[in-house]
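Here's the letter readout for the chains.
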Amino acid sequence: MEELITFIAQNLVDHPEDVKTVVKGTESDITIELTVHPDDMGKIIGKQGRMAKAIRTIVKAAAVKEGKQIHYNVEII
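For the structure given in this document, a descriptive report is provided here. Here the structure is a predicted model, which means the values were calculated and not measured.

Next up on the list: the nonpolar core. Counting 16 residues, the largest nonpolar core has L34, I44 and Y72 as its most contacted members. At the level of elements, α1 (2-12), β2 (29-35), α3 (50-65) and β3 (71-76) are the ones that each hand at least two residues to this core. Excluding its chain neighbours within four sequence positions, the residues that come into contact with L34 are I5, A9, V19, K20, T21, I44, E75, I76 and I77.

Moving on, we come to the sheet that holds β3. With mixed pairing, the 3 strands of this open sheet are ordered in space as β1-β2-β3. Lying at the two open borders of the sheet, with one neighbouring strand each, are β1 (20-25) and β3. Each strand axis lies, on average, 20 degrees off the axis of its neighbour in the sheet, ignoring direction. Of the strand pairs in this sheet, β1 and β2 are connected by 6 bridges, and their pairing is antiparallel. The partner of V23 across the bridge, within β2, is I32.

Quick notes on the rules
Residues numbered from 1 in each chain as written. Predicted model: local features only at pLDDT ≥ 70, side-chain atom pairs only at ≥ 80, totals over all residues. Heavy atoms only, no water. Core = buried A, V, L, I, M, F, W, Y, C linked by side-chain atoms within 4.5 Å. Buried < 20%, exposed > 50% of the residue type's maximum accessible area, 1.4 Å probe, protein only. Helix = DSSP H or I, 4+ residues; strand = E, 2+ residues; numbered from the N terminus. Contact = heavy atoms within 4.5 Å. Pairing = 2+ DSSP bridges. Axes fitted to C-alpha atoms, helices over the stretch in contact; angles between N-to-C directions.

Rendered as structure tokens:
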């Protein structure tokens, strides 16, 4: 999932080299922290948080497709 989030974020921002992800948590509850350049925060969050919500939805759908019973949290820092 970390690679998926990194791929999506790098294709949305102007500074793809500044996209970083950190995975934290347990085996069943994972938090992925996404860090981007300060100028790109608006592009990742989107109007009224729509892009952030879409990224979270894609991650949940990918987890279901893989058949994993893992709860993913995506935090944008």
